[in-house]
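One letter stands for each residue in the lines below.
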Amino acid sequence: MGAIFIAMEGLDGSGGTTQTARLADWLRSNGHAEVVTTAEPSTGPAGRFIRDVLNPQHEASVIGDAVLPFLFAADRRDHLDREVIPALQRGAAVITDRYYHSSLAYQSLAVGLPTVADLNERFRAPDITIFLDLEPEVSLARIEARGGTLERFEAIDRLRSIAEAYDAVLVHCRARGEHIVRISADGSIDDVHKRVVEAVQSTIEALS
Ligand code: TMP
């Protein structure tokens, strides 16, 4: 099977990391010789710096929200050049847990969608973007259940605003011709996984 670029998106707590791993297993057992799972912020130097900025305990968190779109775009360029594009050129299936749709949603709250869209317009579009749809209240309950410190974006009012921003992002990206499938992230991991597989399977069929 040929290269395919898949992005997993959604609110914090919507299960993107788990679903990325489950989808990778499914692709491996269904004929993809090489499956690469990755994420943004990436594990590269720019991505590691972003993690520090997002951590309220870290001195780098003094960096303001208006700077974040540039940091995420820099990390994305690095991530694409060093990991994603080489893997796609080898014929791999690449799944990224978050991509530019996250920037368009989260960073648009600080600087507006047109500015973030301009910064991100030249990055390669995914073959399919899966949007894991979850109510902000459910998202926050899941974040709290898993413990740990809350990151910059995890208060309920923020989550509600981000959910609204994502609605606008899906409209914007679909208008650019992107293939985005909105999937309910309610229910068990297996339930959601089945929905994700159905969406990816039909994309693979359409590409081949
Ligand atoms: P994670 O929780 O999926 O690891 O992502 C870290 C946080 O970074 C998450 O709250 C979403 C946010 N984020 C942005 O604000 N913009 C971006 O472009 C990306 C990739 C993530």
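Since the structure is predicted, the reported quantities are computational estimates derived from the model, not experimental observations.

## Looking at the sheet that holds strand β4 (residues 128–133)
Argument step 1. Pairing within the open sheet is parallel, and its five strands lie in the order β2-β3-β1-β4-β5. Both outer strands of the open sheet, β2 (35–39) and β5 (180–184), are each paired with one neighbouring strand and no more. Each neighbouring strand pair of the sheet contributes to a mean axis angle of 20°, computed without reference to strand direction.
Argument step 2. For strand β1 (residues 4–10) and β4, the ladder comprises five bridges, and the chain directions are parallel. From the neighbouring strand, Met-8 faces β4, where its bridge partner is Ile-130.
Argument step 3. Most of the contacts of helix α4 (residues 100–111) go to β1, to which it runs at about 25°, and overall it touches β1, β4 and β5.
Argument step 4. Together, β1, β4 and β5 form the strand contacts of helix α7 (residues 156–175), whose direction differs from that of β5 by roughly 150°.

## Digging into the packing of helix α1 (residues 16–29) against helix α8 (residues 189–207)
Argument step 1. The geometry of α1 relative to α8 is characterised by a closest axis approach of 10 Å and an angle of 55° between their N-to-C directions. When the axes of α1 and α8 are compared, the pair comes out oblique. In this structure, α1 meets α8 at a crossing whose hand is right-handed. Listed contacts from α8 to Thr-18, Gln-19, Arg-22, Leu-23, Trp-26 and Leu-27 of α1 are Ile-189, Asp-190, Val-192, His-193, Val-196, Val-197, Val-200, Gln-201 and Ile-204.
Argument step 2. Here the residues of the contact of α1 with α8 are counted per class, giving nine nonpolar, four polar and two charged.

Cut-offs and rules
Residues numbered from 1 in each chain as written. Predicted model: local features only at pLDDT ≥ 70, side-chain atom pairs only at ≥ 80, totals over all residues. Heavy atoms only, no water. Pairing = 2+ DSSP bridges. Helix = DSSP H or I, 4+ residues; strand = E, 2+ residues; numbered from the N terminus. Axes fitted to C-alpha atoms, helices over the stretch in contact; angles between N-to-C directions. Contact = heavy atoms within 4.5 Å. Parallel < 35°, antiparallel > 145°, perpendicular 65-115°, else oblique. Left-handed = near helix turned anticlockwise from the far one by under 90°. Nonpolar A, V, L, I, M, F, W, Y, C, P; charged D, E, K, R; others polar.

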